[in-house]
Amino acid sequence: LEFRRVLFRSGLSFSVFPNPASESLRISFKSNTSGQTTFSLYDLSGKLVKSESHNVSSGNTFDTEWNDISSFQKGVYLLNVRNTTGETTKRVVIN
């Protein structure tokens with residue numbers, strides 16, 4: 001099973017910190033387009049662990065914090081961000 005980071009020319013990018021994390025994750029996202037953006041966390045078996053969607057305005061930075069990750073099993077996860085112009089995925093470690 002191989003995972004690759006995909007970044008489209010849409011300017012879709014995000015940062016996640018701290019990484020590794022133990023209690024909470026903060027996601028900071030900026031896009032060149034307005035509309036719904038979905039943040040999804042998957043374990044390495046592909047099971048969706050957490051997901052939320054937000055309407056994001058073009059040119060603005062959007063921040064969200066997930067405070068409930070301490071109940072997740074320790075390990076490597078994939079955080080996917082998707083909107084109408086593309087998607088990108090980053091590896092996140094929960095310890």
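Bear in mind that the values here come from a model prediction, so they are computed numbers and not experimental data.

Student: Teacher, can you tell me more about the pairing of strand β4 (residues 48-56) here?
Tutor: Remember that side chains alternate between the two faces of the sheet whenever the strand is regular. Alignment of strand β3 (residues 35-43) against β4, held across eight bridges, turns out to be antiparallel. Across the sheet, residue Thr37 finds its bridge partner in β4, namely His54. Connecting β3 to the next strand, β4, in antiparallel fashion are four residues, including Gly46 with a positive phi near 95 degrees.

Student: Would you take a moment to explain the pairing of strand β6 (residues 75-83) for this structure?
Tutor: Across six bridges, β3 lies against β6 in antiparallel orientation. Within β6, the position partnered with Tyr42 by the bridge is Leu78. Judged from the nine bridges that link them, β6 and strand β7 (residues 86-94) form a sheet pairing that is antiparallel. In the strand pairing of β7, Asn83 is matched with Gly86.

What counts and how
- Residues numbered from 1 in each chain as written.
- Predicted model: local features only at pLDDT ≥ 70, side-chain atom pairs only at ≥ 80, totals over all residues.
- Heavy atoms only, no water.
- Pairing = 2+ DSSP bridges.
- Helix = DSSP H or I, 4+ residues; strand = E, 2+ residues; numbered from the N terminus.

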